Amino acid sequence: MFRLCLSLFACIHTSSLLVLTNIPSLTGTASAIFFFTSSKPHITEDIALDKEGTLYTATRDGWLKRLHRDGIWEDWKKLNSHTLLGITITNDGDLVACDIDQVTENGVTVLASHVNGSKIRFADDVIEASDGSLYFSVASTKFGLHDWYLDVLEEKPHGQLLKYDPSSNETSILLEGLAFANGVAVSKDQDYLVVCETWKFRCLRYWLQGEKRGQTEIFIENLPGGPDNINLAPNGSFWIALLQLTSDGLEFVHSSRAAKHLLATSGKLVELINGLHKKATVVNVGADGRIIKKLEDPNGSVMSFVTSVVEFEDHLYFGSLQNNFIGKLPLNVA
């Protein structure tokens, strides 16, 4: 039986980490990408699959959904939240998710709401290690979900990497001063974590074991987009969804303090310069930090604003904050 577990990390509201599930079904198209559609815009920040191949997601209308192997979608749990972000499935079969709204409902277990006496702000992504520890990112301790682009414009690092220890129910800070900490993944051998820094266009490696334990180094930098969610592939490489933070031709605004101050005063100007809705890009990165493969929809004709990509049984699954479907692509055509 599934438990719904929440870990709170907040910005404006208290944020949470939950166990979730739910989504509609996939139908094929000639483009080899598969969709679930709905009459409502069920945009999905993140997706996860369990060992049996059941697919889970959390939608911005508060539903936790799952897609069974027989192609049937189940609306599993409805929460009073519109800010469900990164999710993961634990070794015990629970689904843990980051939630920025405070949710206290039957079947929901709050795992962490504070660290060192302060509310956890803007929890973004979460992953479980083999020992049951949960590692999660806090994108910003200053700006909230709906003001996230101000963190990019300010270019001052407010992100964190935290650890929740289930044996003690304590949360600790591993890293601070991260540039919009986003996706988190643990390596195949469980010896290091990779955490994405979106507006530095790079990912860091944080060592969990060995002589470098507790040390941090650059895993990959100069990525062709801001890294969002990251997931481990079966072969030990990583799939990373990349965001186009600025529209083509307007990159100069990030090197101009005056331009950034002007943009920060107007939401309409921010929408004008950001390129999130214009394309979709994902990369496959080896354990050595080198790009193996890059896939993209350069014009956003099928998908755009892809925030997560997961590999399972020779297919890629894509979550997006723009499209009201989940994409599915066979790796043999990628």
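Everything quoted here is computed from the prediction, not taken from an experiment. (Residues numbered from 1 in each chain as written. Predicted model: local features only at pLDDT ≥ 70, side-chain atom pairs only at ≥ 80, totals over all residues. Heavy atoms only, no water.)

*Asks:* Describe the overall build of the protein, with residues and values.
*Replies:* Per the secondary structure count, the protein includes three helices and 26 strands. At a minimum sequence separation of 6, the contacts of the protein that also span at least 24 residues come to 54%. As displayed, the protein has an accessible area near 14,200 Å², and 48% of this comes from carbon and sulfur atoms. (Helix = DSSP H or I, 4+ residues; strand = E, 2+ residues; numbered from the N terminus. Contact = heavy atoms within 4.5 Å. Areas by Shrake-Rupley, 256 points an atom, 1.4 Å probe, with all protein chains shown as cover.)

*Asks:* Go over the pairing of strand E15 (residues 170-178), please, and point to the residues and values.
*Replies:* One ladder, built from seven bridges, connects strand E14 (residues 159-165) with E15; its direction is antiparallel. The residue of E15 that forms the bridge with Gly-159 is Leu-178. Following E14, the chain reverses through four residues before pairing antiparallel with E15; Asn-169 in that reversal takes a positive phi of roughly 55°. (Pairing = 2+ DSSP bridges.)

*Asks:* Would you mind going over unusual backbone geometry in detail, with residue names and values included?
*Replies:* Positive phi, close to 55°, is recorded for Phe-201, a residue that is not glycine. Here Phe-201 lies in the loop between strand E17 (192-197) and strand E18 (202-207). Phi at Glu-313 takes a positive value of approximately 45°, unusual for a residue other than glycine. Positionally, Glu-313 belongs in the loop between strand E24 (306-312) and strand E25 (315-320). Judged by relative accessible area, Glu-313 falls into the partly exposed class, the value being 47%. (Buried < 20%, exposed > 50% of the residue type's maximum accessible area, 1.4 Å probe, protein only.)

*Asks:* Give me the lowdown on the nonpolar core, citing residues and values where you can.
*Replies:* Ranked by internal contacts, the top residues of the largest apolar core, which has 25 residues, are Ile-120, Phe-122, Val-126, Leu-134, Phe-136, Leu-162 and Tyr-164. Where this core is concerned, the elements lending two or more residues are strand E8 (95-99), strand E12 (123-128), strand E13 (134-138) and E14. The dominant element in this core, judged by the number of residues it contributes, is E13, at three residues. (Core = buried A, V, L, I, M, F, W, Y, C linked by side-chain atoms within 4.5 Å.)

*Asks:* Go over the layout of surface pockets, please, and point to the residues and values.
*Replies:* One number sums up the size of the largest pocket: a volume of about 920 Å³. Forming the walls of the largest pocket are 37 residues, and the residues nearest its centre are Leu-49, Thr-88, Ile-89, Ile-127 and Leu-232. Taken together, the residues that form the lining of the largest pocket break down as 18 nonpolar, nine polar and ten charged. (1 Å grid on protein atoms, 1.4 Å probe; cavity = no way out; pocket = protein on both sides within 12 Å on 5 of 7 lines; lining within 4 Å. Points joined across faces, edges and corners; volume = space filled by probe spheres on them. Nonpolar A, V, L, I, M, F, W, Y, C, P; charged D, E, K, R; others polar.)

*Asks:* How would you sum up the side chain of Ser-237? Please name residues and give values.
*Replies:* Counting through the fold element by element, Ser-237 comes out in the loop between strand E20 (226-232) and strand E21 (238-243). Take Ser-237: its relative accessible area is 4%, and that puts it in the buried class. A polar side-chain atom of Ser-237 sits 2.6 Å from a polar atom in the side chain of Asn-235. Once residues lying within four places of it in the same chain are set aside, the contact partners of Ser-237 are Asn-231, Leu-232, Asn-284, Val-285, Gly-286, Ala-287 and Ile-292. (Polar contact = N/O pair within 3.5 Å; in protein donor to acceptor, adjacent residues only side chain to side chain.)

*Asks:* I'd love a proper account of the sheet that holds E14, names of residues and values included.
*Replies:* Strand order in the open sheet made by the four strands is E12-E13-E14-E15, with antiparallel pairing throughout. Two strands close off the open sheet at either side, each with one partner strand: E12 and E15. Going from strand to strand, the sheet's axes swing by 20° on average, the running direction of each strand aside. (Axes fitted to C-alpha atoms, helices over the stretch in contact; angles between N-to-C directions.)

*Asks:* Describe the pattern of salt bridges, and please don't skip the residues or the numbers.
*Replies:* On inspection of all chains with the given rule, the structure shows eight salt bridges. Notably, a salt bridge pairs Glu-74 with Arg-66, separated by 2.6 Å at the nearest N-O pair. For Glu-217, the salt bridge identified is with Lys-212, shortest N-O distance 3.3 Å. Residue class for Glu-217 comes out partly exposed when judged on its relative accessible area of 26%. What makes Lys-212 partly exposed here is its relative accessible area of 37%. (Salt bridge = Lys/Arg side-chain N within 4 Å of Asp/Glu carboxyl O.)

*Asks:* Please give an account of the sheet that holds strand E4 (residues 55-59) that cites residues and values.
*Replies:* Pairing is antiparallel in the open sheet, where four strands are placed in the order E3-E4-E5-E6. Looking at strand neighbours, the two that pair on one side only are strand E3 (44-49) and strand E6 (73-78), the edges of this open sheet. Adjacent strand axes in the sheet meet at a mean angle of 25° when their direction is disregarded. Bridging between strand E5 (residues 63-67) and E6 involves five bridges; their strand directions are antiparallel. Within the sheet, the bridge partner assigned to Trp-63 lies in E6 and is Lys-78.

*Asks:* Kindly report on the pairing of E20, identifying the contributing residues and their values.
*Replies:* Extensive coverage of E20 is indicated by the burial of six of its seven residues. Where E20 lies against E21, five bridges are found, and the strand directions are antiparallel. Note that in E21 the partner of Gly-226 across the bridge is Leu-243.

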